[in-house]
Amino acid sequence: MVATPTPGKIISYPAKTIDRADIALRCAPFHLALFAKMRWESVSVPKLAGNLGVQSGYTRYPLSELSVETATSWLIQVGMLRREVDGQGLTDSFRLTPLGLELIEKWETAGGTLPPAGTIDRFRNLSARWFRLPF
């Protein structure tokens with residue numbers, strides 16, 4: 001089943017893809033402010049790690065660089081983020097994908113915060129990450 005396209009939207013995603021990315025987003029240790037910033041510019045790992053991520057309003061709690069890499073890698077795999085590329089190759093920065101932009105706009109319109117994931121959603125996200133299975 002494919003989601004209904006909205007005016008001006010170029011890509012239509014299967015409902016399962018949107019659901020998996022939405023759950024991954026709500027289970028991630030990041031605030032909506034981070035993704036809103038990623039709409040306009042890339043954000044690097046050092047800006048998300050440690051107390052700087054909390055002080056910037058990007059993370060829920062201090063994260064190590066490894067934790068940031070792990071969380072952002074999962075968001076890349078579900079289609080929310082992409083790694084920024086420069087003339088030298090891949091960087092330590094991330095941006096939203098079109099799917100990510102769609103979900104961020106959804107949550108900004110719905111009140112400007114990400115609702116917490118429930119127990120079932122956390123289990124689905126964990127099992128999808130562990131087994132790399134679609135929902």
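Calculation notes
- Residues numbered from 1 in each chain as written.
- Predicted model: local features only at pLDDT ≥ 70, side-chain atom pairs only at ≥ 80, totals over all residues.
- Heavy atoms only, no water.
- Helix = DSSP H or I, 4+ residues; strand = E, 2+ residues; numbered from the N terminus.
- Rg over C-alpha atoms; globule rule 2.2 N^0.38 Å.
- Buried < 20%, exposed > 50% of the residue type's maximum accessible area, 1.4 Å probe, protein only.
- Contact = heavy atoms within 4.5 Å.
- Areas by Shrake-Rupley, 256 points an atom, 1.4 Å probe, with all protein chains shown as cover.
- Lys, Arg positive; Asp, Glu negative; His and termini not counted.
- Charge placed at Lys NZ, Arg CZ, Asp CG, Glu CD.
- Expected span 1.5 Å × (residues − 1).
- Arc of directions from axis to C-beta.
- Core = buried A, V, L, I, M, F, W, Y, C linked by side-chain atoms within 4.5 Å.
- Phe/Tyr/Trp six-rings, centres within 6.5 Å; stacked < 30°, edge-to-face > 60°.
- Pairing = 2+ DSSP bridges.

A few points about the overall build of the chain
Along the chain, the regular secondary structure elements total 7 helices and 3 strands. Starting at the N terminus and walking to the C terminus, you meet the elements of the chain as α-α-β-α-α-α-β-β-α-α. Here the C-alpha atoms of the chain give a radius of gyration of 15 Å, agreeing with the 14 Å that 2.2 N^0.38 yields for 135 residues. Overall, the C-alpha framework of the chain stretches about 40 × 35 × 30 Å when taken along its three principal axes. For the chain, buried positions account for 39% of its 135 residues. The contacts in the chain between residues at least 6 apart in sequence include a share of 60% that link residues at least 24 apart. Roughly 7,600 Å² of accessible area belongs to the chain as shown, and the carbon and sulfur atoms make up 61% of that amount. When the 16 positive and 12 negative side-chain charges of the chain are each reduced to one mean point, those points stand 5 Å apart.

Here we look at helix 6 (residues 98-109)
With 12 residues, helix 6 ought to run about 16 Å at 1.5 Å a step, and its terminal C-alpha atoms sit 16 Å apart, in line with that. Residues L99, G100, L103, I104 and W107 constitute the buried set of helix 6. Buried residues of helix 6, viewed axially, fall in a sector of 130 degrees; they line one side. Residues P98 and T109 are exposed on helix 6 and point more than 90 degrees away from its buried face. Packed against the buried residues of helix 6 are helix 1 (15-27), helix 2 (32-40) and strand 3 (89-96). One or two steps after helix 6, the chain reaches G111, where phi turns positive at roughly 135 degrees.

Some thoughts on the side chain of S44
When you line up the elements, S44 lands in strand 1 (residues 43-44). Sequence-distant contacts of S44, that is, excluding residues within four places in its chain, are made with D92 and S93.

Quick notes on the nonpolar core
The tendency in soluble globular proteins is for nonpolar side chains to be buried side by side. If you look at the biggest cluster of nonpolar residues, it comprises 32 residues, and the most contacted ones within it are F30, F35, L75 and M80. For this core, the secondary structure elements donating two or more residues are helix 1, helix 2, helix 3 (45-48), helix 5 (65-77), strand 3 and helix 6. Excluding anything up to four places from it in sequence, M80 contacts A21, L25, L75, R95, L96, T97, G100, L103 and I104.

A few points about the packing of aromatic side chains
Under the definition given, this model contains 1 aromatic pair. Summarising the aromatic geometry, the rings of F30 and F35 are spaced 6.1 Å apart at their centres and angled 85 degrees between planes, so their arrangement reads as edge-to-face. For F35, a relative accessible area of 0% puts it in the buried group.

Remarks on the pairing of strand 3
Inspection of the sheet shows strand 1 paired to strand 3 by 2 bridges, in the antiparallel sense. Bridged to V43 within strand 3 is F94. Relative to strand 3, strand 2 (residues 81-86) runs antiparallel, the two being bridged by 5 bridges. Among the inter-strand pairings, R82 is bridged to a residue of strand 3, identified as R95. Two successive antiparallel strands, strand 2 and strand 3, enclose a turn made up of 2 residues.

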